[in-house]
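Results of the structural survey
Each chain, written out:
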Amino acid sequence: MKKLILLAAGLLVFNSAEAYDYIPQMLNDAIKENQTVEYCPEQSVWTHNSDNNCITFTKHITHGTGSFSEYEFQNKLYGTGTTYEFLYNYQLIGYNAHSLKFYKIDFNEGRFVHTVLTDEQLKELFPNLEIIKVSQFQDNEITVKKPWFKDKTFLLVNDTTMDFYKYQFENYSKQNELIRGLFEANKPRTFIFSHFGSRDKLFPILTIHVKNSFKKD
């Protein structure tokens, strides 16, 4: 019996160490406040450094509600409608923490143009986690599965017209402020995504039940 307990404990430690770690990769190419980023119209690419005739933007963050990003070029500010941006394959990817949506951002005819990322693009960015769409919820609830003795990371993505301004997971210490829809389960539990814990019908909660399963997916 003692050997069985030690084996189970070892499996928990091993699998926890292999939990999906997405943040370092994204933060390496994150655009920080007052940092510059360049857009090259001829190649339609974004980069941190270029020798070509590119447009150099400087990032700022609004001080009002929402903390949205703005990019300055020639003393003019251009709003992104996103709260977090990073470079990926010479593309500028933006995330809105209040709508839970990812966008590909281009600069065309003097303005930023947003295109919502497709399922395939999201899976390419986050290959080792399970994406949960808001449209999959029934009566604002959903049940998902995780393997026994293993952590699993999930990403909540909004594909509806609903708004989740200032929403966060309740009683979850690992809440990430950059990508609020991201959460990790190391055991069966229920996650509640709410507006400051409110139960007001104006701010409906999302309830996610995580259960163990022997199946991989």
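**Remarks on the state of the cysteines**
- Tallying each qualifying case throughout the model produces one disulfide.
- Between Cys 40 and Cys 54 runs a disulfide, and the two sulfur atoms are separated by 2.0 Å. Between Cys 40 and Cys 54 the disulfide shows an S-S torsion of about 95 degrees. By sign, it is right-handed. Separated by 14 residues along the polypeptide, Cys 40 in strand E1 (residues 36-40) and Cys 54 in the loop between strand E2 (45-47) and strand E3 (55-61) bring together distant segments of the chain.
- Classification of Cys 40 by relative accessible area gives buried; the value is 2%.

**Examining the confidence of the model for the chain**
- With 86% of its residues at a pLDDT of 70 or more, the chain shows a mean pLDDT of 87.
- When pLDDT is averaged over each element of the chain, strand E15 (residues 189-195) comes out on top at 98 and helix H1 (residues 2-17) at the bottom at 40.

**Regarding the pairing of strand E9 (residues 111-116)**
- Across six bridges, strand E8 (residues 101-108) lies against E9 in antiparallel orientation. Bridging across to E9, Phe 107 finds its partner in Phe 112.

**Looking at the nonpolar core**
- Of all hydrophobic cores here, the largest spans 36 residues; its most connected members are Phe 102, Ile 132, Phe 183 and Ile 208.
- The greatest single-element share of this core, amounting to four residues, is contributed by strand E12 (residues 152-157).
- Phe 102 has contacts with Ile 93, Gly 94, Tyr 95, Thr 115, Val 116, Leu 117, Leu 122, Phe 126, Leu 155 and Ile 179, leaving out every residue within four places of it along the chain.
- One finds Ile 31, Tyr 71, Phe 73 and Leu 87 within the second-largest nonpolar core, a separate group that totals 15 residues.

**Let's talk about the side chain of Glu 85**
- Within the fold, Glu 85 resides in strand E6 (residues 84-88).
- At 2.6 Å, the side chain of Glu 85 forms a polar contact with the side chain of Thr 82.
- Residue contacts for Glu 85: discarding those within four places in its chain leaves Asp 29, Ala 30, Ile 31, Lys 59, Ser 69, Tyr 71, Thr 80, Leu 92, Ile 93, Gly 94 and Ile 105.

**Topic: a nonpolar patch on the surface**
- A cluster of nonpolar side chains, Trp 148, Phe 149 and Phe 214, forms an exposed patch at the surface whose accessible area comes to about 390 Å².
- Along the polypeptide, Phe 214 turns up in the segment after strand E16 (206-213).

**Thoughts on the side chain of Thr 47**
- With respect to the secondary-structure elements, Thr 47 resides in strand E2.
- Here Thr 47 falls in the buried class, since its relative accessible area comes to 12%.
- There is a polar contact of 2.9 Å between the side chain of Thr 47 and the backbone oxygen of Asn 49.
- Contact partners of Thr 47, with chain neighbours within four places excluded, come to Val 37, Glu 38, Cys 40 and Leu 87.

Rules used in this analysis
- Residues numbered from 1 in each chain as written.
- Predicted model: local features only at pLDDT ≥ 70, side-chain atom pairs only at ≥ 80, totals over all residues.
- Heavy atoms only, no water.
- Disulfide = S-S within 2.5 Å.
- Helix = DSSP H or I, 4+ residues; strand = E, 2+ residues; numbered from the N terminus.
- Buried < 20%, exposed > 50% of the residue type's maximum accessible area, 1.4 Å probe, protein only.
- pLDDT = per-residue confidence, 0-100.
- Pairing = 2+ DSSP bridges.
- Core = buried A, V, L, I, M, F, W, Y, C linked by side-chain atoms within 4.5 Å.
- Contact = heavy atoms within 4.5 Å.
- Polar contact = N/O pair within 3.5 Å; in protein donor to acceptor, adjacent residues only side chain to side chain.
- Patch = residues over 30% accessible without salt bridge, like charges linked within 9 Å, V, L, I, M, F, W, Y side chains within 5 Å.
- Areas by Shrake-Rupley, 256 points an atom, 1.4 Å probe, with all protein chains shown as cover.
- Salt bridge = Lys/Arg side-chain N within 4 Å of Asp/Glu carboxyl O.

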